[in-house]
Number of protein chains: 2
Amino acid sequence: MLRIITQRAEALTELRRICDRTHDDQVVHKEATVREVLQAIKRQGDRAILHYTEEYDQIVLAPEELRISGSELEAAYHQVSSDLLEAIRLACRQVEAFHRQRVPKSWVQFGDDEVVLGKRYTPVDRAGLYVPGGRAAYPSTVIMNAIPAKVAKVPRIVVTTPPGPDKAVNPAVLVAAQEAGVQEIYRIGGAQAIGALAYGTETVPKVDVITGPGNIYVTLAKKLVYGTVGIDSLAGPSEVLIIADGRANPVHVAADMLAQAEHDPLAAAILLTTDSGLAMKVVSEVKQQLLNHPRKVLTEKSIAHYGLVVVVDSLEAAAELSNEFAPEHLELEVADPWSLLANIRHAGAIFLGNSTPEAVGDYLAGPNHTLPTSGSARYASALGVETFMKHSSLIQYSPQALHRVAQAVDTLATAEGLPSHADSVRLRVRGQLESDD
Amino acid sequence: MLRIITQRAEALTELRRICDRTHDDQVVHKEATVREVLQAIKRQGDRAILHYTEEYDQIVLAPEELRISGSELEAAYHQVSSDLLEAIRLACRQVEAFHRQRVPKSWVQFGDDEVVLGKRYTPVDRAGLYVPGGRAAYPSTVIMNAIPAKVAKVPRIVVTTPPGPDKAVNPAVLVAAQEAGVQEIYRIGGAQAIGALAYGTETVPKVDVITGPGNIYVTLAKKLVYGTVGIDSLAGPSEVLIIADGRANPVHVAADMLAQAEHDPLAAAILLTTDSGLAMKVVSEVKQQLLNHPRKVLTEKSIAHYGLVVVVDSLEAAAELSNEFAPEHLELEVADPWSLLANIRHAGAIFLGNSTPEAVGDYLAGPNHTLPTSGSARYASALGVETFMKHSSLIQYSPQALHRVAQAVDTLATAEGLPSHADSVRLRVRGQLESDD
């Protein structure tokens, strides 16, 4: 069921098909639904949240139940094992340490020409993190979104996440949020959560930036509110591309492919290898590891539709195909990964060598696991501290400095037909000349 | 016609109205039109470009006329004055010097724990810059978009700009493009240009990032293709907010307000001052300077609808109102602008002191003039070199390092119900233990 391809042209076609797998003919129809939800939240606030929570999640909530109470937050600590708590704490520490590196810093430069220029970085006032429920209720999602916001020193960070069947939220998610420094959590899911964060309601604060993954309705809602608020990215289903030479271990490669496939029927797992023997061993090992897989049906579906093995002539050819695909995750399971790195142009995160399975990056290596999908690594990057910051340019001219550029500004403003632009400089320089007298 | 307000509550209401001035009930209807244009470009390529250029610009082009020829590019140099050429060159030099500061740099950190982590920055492969025509055909737009792409080392930079009535493009725009290092220019405007850059056609290359301002159709098209390509931002009409104390010069303040208003009937010019005498003088000076203004009708319309003067109790109160508005441009025409800066949280660019009119920043101070509008300075920043770059996270674990975190990864993967994530680590560690024997 996992196909092996050896022709470059066919490989390119298949990679393009996989890259475009989220293109959805129903999207215009779904967008109309989402637009309606957003409008209702904007106009009716909490009332609309409760309405859609009943309609889509089959949960009847009172307004005062929207926010998760202090006692629920506390109780969550009694529902997770001490091993899990320790693992969450380790992940928080390592993710925080990585994100504290190269945080954007304000700077000012005083020129010899009496011109002061600079950039001043400040955090956003409020950030809203969406944490999916259901199949993808992951404490790691909370950590990877909340820690960068905390490092950016965002004064108010709120989380929304859909309520489960008994109104409850996954306790590991609640513990992870608290360990990452977030106490303000609302049980709201779907497009209604994005609307609440974008416009604000009686209960939920309007935020400046919304981050976090979600299903197609959440993603469409984020696209629609973009411009009213900032967003991290439009996340699609996850994907891994592995480049392996003959020395890679087929058992490990197969496990890495399945670790991607088990996320979602739309997840993609691709192997590019110079060794046709390895290709065949991986195919049979994937079959083997699927036999007793707890998420067998879903994982098989993903492997069947979006799994692919390509045998290539050289590692350089593999890198070139990988650049075409621009994978979210790229594993270089080759003898000299640092040398191959020079050939890689586009990838969200790169895992070098045979002892670096993607899972260490997913959980605790430190770099963010929120990465560009569906080929967007061609132009986008991991979520980071900058997602929650912005900067202002700073400019100060002395009268003399203004005098020096006055003629050039005048010429450009006149060429552009903007007389008051020219005046704003000319009147100051003239005044200055007069006061020089 | 320029109103003076003294009540804080009324000022807040007015500022909110001005901030929301681009909310447009026709937007859903316009979006349908834009969606149709984009679909046609995607399916029919050049043929659709030519069709819409005839329909919207009333220009009939042959496919080979889409790209501006070498002789046209050369001829443009004979059509601009030597003063203008010098001013364009000065602007290019200063904008380049500013953008060369703090360009993101790749880094790798080798930990004591046999873990290597890092970030690797690379430019996008191709950038597409949209340069508006008509009322806003500005050489400065080309400079502010092309220079950051050049500093980012983007291998292929293309410009599109709508053809004028005689098929020609503003020669100053053509010269500015060449001085900024761009030779590949297409005479295509509107949503059809954005579609061509996002999907590629027979003539126009598909790019990775599209930047540049435009009318509502261009902005809607950018929002719709976002996700297929990266974009800089959704630009709205321009705005300035000036905070002035009693020592500011009313003639200069009025010229600065008009320099904003003359852009567009939707542009906004706001003055917050502690001095009611200054407020009245500015109002009368605005009237005076409008008398013989070459763009009188348009500028008066902007001042009448979106001009505002607010008298406040203190500079701190002015800063607080300014933060609510989050202006694109903020001028601090006060005695000690650096001290007031501490109270400012959100602004695209800040002009400090009485000798720094916005116009120096618009043209040649160095910082980018492509700035967040309509309150988006709450979460967004100026266009910059980073707009044309992205980074990949780098992670490498040694076998021993993997061994150390294996239990924690296993615990987290198990808590999230992802068995192959756990396997991908477990199988490696087991193998490693065996080979230790």
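Residues numbered from 1 in each chain as written. Chains lettered and ligands numbered in written order. Predicted model: local features only at pLDDT ≥ 70, side-chain atom pairs only at ≥ 80, totals over all residues. Heavy atoms only, no water.

Engineer: Which parts of the structure should I look at to understand the UniProt feature "binding site: Zn(2+)" (unreviewed entry) in chain A?
Structural biologist: Sequence positions flagged by UniProt for "binding site: Zn(2+)" (unreviewed entry) are, in local numbering, Gln260, His263, Asp362 and His421 of chain A. Spatial dispersion of the annotated residues is evident: they stretch over 162 residues in sequence, and the largest pairwise C-alpha distance comes to 56.0 Å. Here Asp362 of chain A shows up in helix 15 (residues 358-363). Exposure remark for Asp362 of chain A: the relative accessible area of 8% places this residue in the buried category. Setting aside chain neighbours within four positions, we find Asp362 of chain A in contact with Ser140, Met144, His329 and His369 of chain A together with His421 of chain B. On the basis of relative accessible area, His421 of chain A is assigned to the buried category, the value being 1%. When neighbours within four sequence positions are excluded, His421 of chain A is seen to be in contact with Ala413 of chain A together with Ala259, Glu262, His263, Ala359, Asp362 and Tyr363 of chain B. (UniProt positions renumbered as here; feature names shortened; annotations may be inferred. Helix = DSSP H or I, 4+ residues; strand = E, 2+ residues; numbered from the N terminus. Buried < 20%, exposed > 50% of the residue type's maximum accessible area, 1.4 Å probe, protein only. Contact = heavy atoms within 4.5 Å.)

Engineer: Honestly, the sheet that holds strand 5 (residues 156-160) of chain A in this entry has me stumped. Any pointers?
Structural biologist: Residue and element names in this part refer to chain A. The sheet built from five strands is open, its strands ordered 6-5-4-7-8 with parallel pairing. Bordering the open sheet on either side are strand 6 (184-186) and strand 8 (230-231), each of which pairs with just one other strand. One ladder, built from five bridges, connects strand 4 (residues 126-130) with strand 5; its direction is parallel. Among the inter-strand pairings, Gly128 is bridged to a residue of strand 5, identified as Val158. (Pairing = 2+ DSSP bridges.)

Engineer: Even after reading the chapter, I still don't get the pattern of salt bridges, so can you show me in this structure?
Structural biologist: Opposite charge on two side chains allows them to pair when their charged atoms are near. Evaluated as defined, the whole model comprises 46 salt bridges over all chains. A salt bridge links Glu324 of chain A to Arg16 of chain A; the nearest nitrogen and oxygen atoms lie 3.6 Å apart. In this pair, Glu324 of chain A sits in helix 13 (residues 315-325) while Arg16 of chain A sits in helix 1 (residues 8-19), placing the two residues 308 residues apart along the sequence. Taking relative accessible area as the criterion, Glu324 of chain A reaches 44% and is therefore assigned partly exposed. Judged by relative accessible area, Arg16 of chain A falls into the partly exposed class, the value being 47%. The residue Asp423 of chain B makes a salt bridge to Arg426 of chain B at a minimum N-O spacing of 3.3 Å. Of this pair, Asp423 of chain B and Arg426 of chain B both sit in helix 17 (residues 419-436), separated by three residues, roughly a single helical turn. When its relative accessible area of 23% is taken as the criterion, Asp423 of chain B is described as partly exposed. Within this structure, Arg3, Glu10, Glu14 and Arg17 of chain A form a network of salt bridges that share partners. (Salt bridge = Lys/Arg side-chain N within 4 Å of Asp/Glu carboxyl O.)

Engineer: It is not clear to me how the environment of Val297 of chain B should be interpreted in this structure. Could you clarify?
Structural biologist: Along the polypeptide, Val297 of chain B turns up in helix 12 (residues 296-306). Along the primary structure Val297 of chain B and Glu262 of chain B are separated by 35 residues, whereas in three dimensions their C-alpha atoms are 9.3 Å apart.

Engineer: In this structure, what is going on with the sheet that holds strand 13 (residues 349-352) of chain A? I would like to understand it.
Structural biologist: Working definition: the strands of a sheet are paired by backbone hydrogen bonds and lie parallel or antiparallel to each other. Taken in spatial order, the nine strands make up an open sheet running 1(A)-11(A)-10(A)-9(A)-12(A)-13(A)-14(B)-3(B)-2(B), and their pairing is mixed. Both edges of this open sheet fall to strand 1 (4-5) of chain A together with strand 2 (107-110) of chain B, since each of them pairs with a single strand only. Contacts from helix 1 of chain A reach strand 1, strand 10 (268-273) and strand 11 (307-311) of chain A within the one sheet, and its direction differs from that of strand 11 of chain A by about 155°. In this fold helix 13 of chain A packs onto strand 9 (239-244), strand 10, strand 11 and strand 12 (329-333) of chain A, with an angle of close to 170° to the strand it touches most, strand 9 of chain A. (Axes fitted to C-alpha atoms, helices over the stretch in contact; angles between N-to-C directions.)

Engineer: Even after reading the chapter, I still don't get the pairing of strand 12 of chain A, so can you show me in this structure?
Structural biologist: Successive side chains on a regular strand alternate, one facing one side of the sheet and the next facing the other. Residue and element names in this part refer to chain A. Counting buried positions along strand 12 yields five of five residues, so the element is predominantly enclosed. Summarising the sheet, strand 9 and strand 12 pair through five bridges and their orientation is parallel. Looking across to strand 12, one finds that Ile243 is bridged to Leu332. Sheet analysis places strand 12 next to strand 13, joined by four bridges and oriented parallel. Bridged to His329 within strand 13 is Ala349.

Engineer: Can you walk me through the packing of aromatic side chains in this structure?
Structural biologist: Within a pair of aromatic rings, the relevant descriptors are the distance that separates the centres and the angle that separates the planes. Summed over the entire model, instances satisfying the criterion amount to five aromatic pairs over all chains. Across the ring face of Tyr306 of chain B, the terminal group of Arg21 of chain B is positioned such that the distance to the ring centre comes to 5.9 Å. For Arg102 of chain B, the ring lying beneath its charged end belongs to Trp107 of chain A, and the centroid distance is 4.3 Å. (Phe/Tyr/Trp six-rings, centres within 6.5 Å; stacked < 30°, edge-to-face > 60°. Lys NZ or Arg CZ within 6 Å of the ring centre and 35° of its normal.)

Engineer: Just checking my understanding: could you explain empty space enclosed by the protein for this structure?
Structural biologist: In this approach a probe as big as a water molecule rolls over the atoms, and the regions it shows empty are the leftover space. Within the structure shown, the criterion is met by four cavities of 30 Å³ or more. Of the pockets and cavities examined, the largest cavity occupies roughly 60 Å³. In this structure, the largest cavity is lined by Glu31, Lys223 and Leu224 of chain A together with Glu31, Arg35, Lys223 and Leu224 of chain B. At the level of secondary structure, the elements contributing two or more residues to the lining of the largest cavity comprise helix 9 (216-225) of chain A together with helix 2 (27-44) and helix 9 (216-225) of chain B. Its residues placed into classes, the lining of the largest cavity shows two nonpolar, no polar and five charged. (1 Å grid on protein atoms, 1.4 Å probe; cavity = no way out; pocket = protein on both sides within 12 Å on 5 of 7 lines; lining within 4 Å. Points joined across faces, edges and corners; volume = space filled by probe spheres on them. Nonpolar A, V, L, I, M, F, W, Y, C, P; charged D, E, K, R; others polar.)

Engineer: How do you make sense of the relation of the copies chain B and chain A when you look at a structure like this?
Structural biologist: One copy of the chain maps onto the other through a rotation about an axis followed by a shift along the same axis. You can overlay chain B on chain A at an RMSD of 0.0 Å; the transform is a turn of 180° with a shift of 0.0 Å along its axis. These values place the two chain copies in the arrangement generated by a two-fold rotation axis. Scanning chain B for the C-alpha nearest the rotation axis identifies Lys223 of chain B, at a separation of 4.0 Å. A share of 100% of the interface residues of chain B reappears at the interface of chain A, consistent with the copies meeting face to face through the same patch. (Least-squares fit on C-alpha atoms with pLDDT ≥ 70 in both.)

Engineer: Could you clarify how one ought to interpret the UniProt feature "active site" (unreviewed entry) in chain A in this entry?
Structural biologist: Residue and element names in this part refer to chain A. With numbering aligned to this structure, UniProt lists the feature "active site" (unreviewed entry) at Glu328 and His329. Here Glu328 shows up in the loop between helix 13 and strand 12. Excluding its chain neighbours within four sequence positions, the residues that come into contact with Glu328 are Pro237, Ser238, Glu239, Ala347, Gly348, Ala349, His369, Leu371, Pro372 and Thr373. Within the local environment of Glu328, its side chain forms a polar contact with the backbone nitrogen of Glu239, the two atoms lying 3.0 Å apart. Looking at where His329 falls in the secondary structure, it is placed in strand 12. Setting aside anything within four residues of it in sequence, one finds His329 in contact with Ser238, Glu239, Val240, Leu241, Gln260, Ala349, Phe351, Glu358, Asp362 and Leu371. For His329, the side chain forms a polar contact with the main-chain oxygen of Glu239, separated by 2.8 Å. (Polar contact = N/O pair within 3.5 Å; in protein donor to acceptor, adjacent residues only side chain to side chain.)

Engineer: Just checking my understanding: could you explain the interface of chain B and chain A for this structure?
Structural biologist: As a measure of interface size, the accessible area lost when the parts come together is often cited. On the side of chain A, 122 residues touch chain B, which itself brings 122 residues to the contact. Summed over both sides, the interface between chain B and chain A buries roughly 10200 Å², with carbon and sulfur atoms accounting for 59% of that surface. Area buried by chain B at its contact with chain A is led by Tyr363, Tyr379 and Arg428 of chain B, which between them contribute 8% of it. The interface formed by chain B and chain A holds 12 salt bridges in total. Pairing between strand 14 (residues 389-397) of chain A and strand 13 (residues 349-352) of chain B: three bridges, direction parallel. Looking across to strand 13 of chain B, one finds that Ile395 of chain A is bridged to Phe351 of chain B. (Buried area = accessible area lost by both parts, 1.4 Å probe.)

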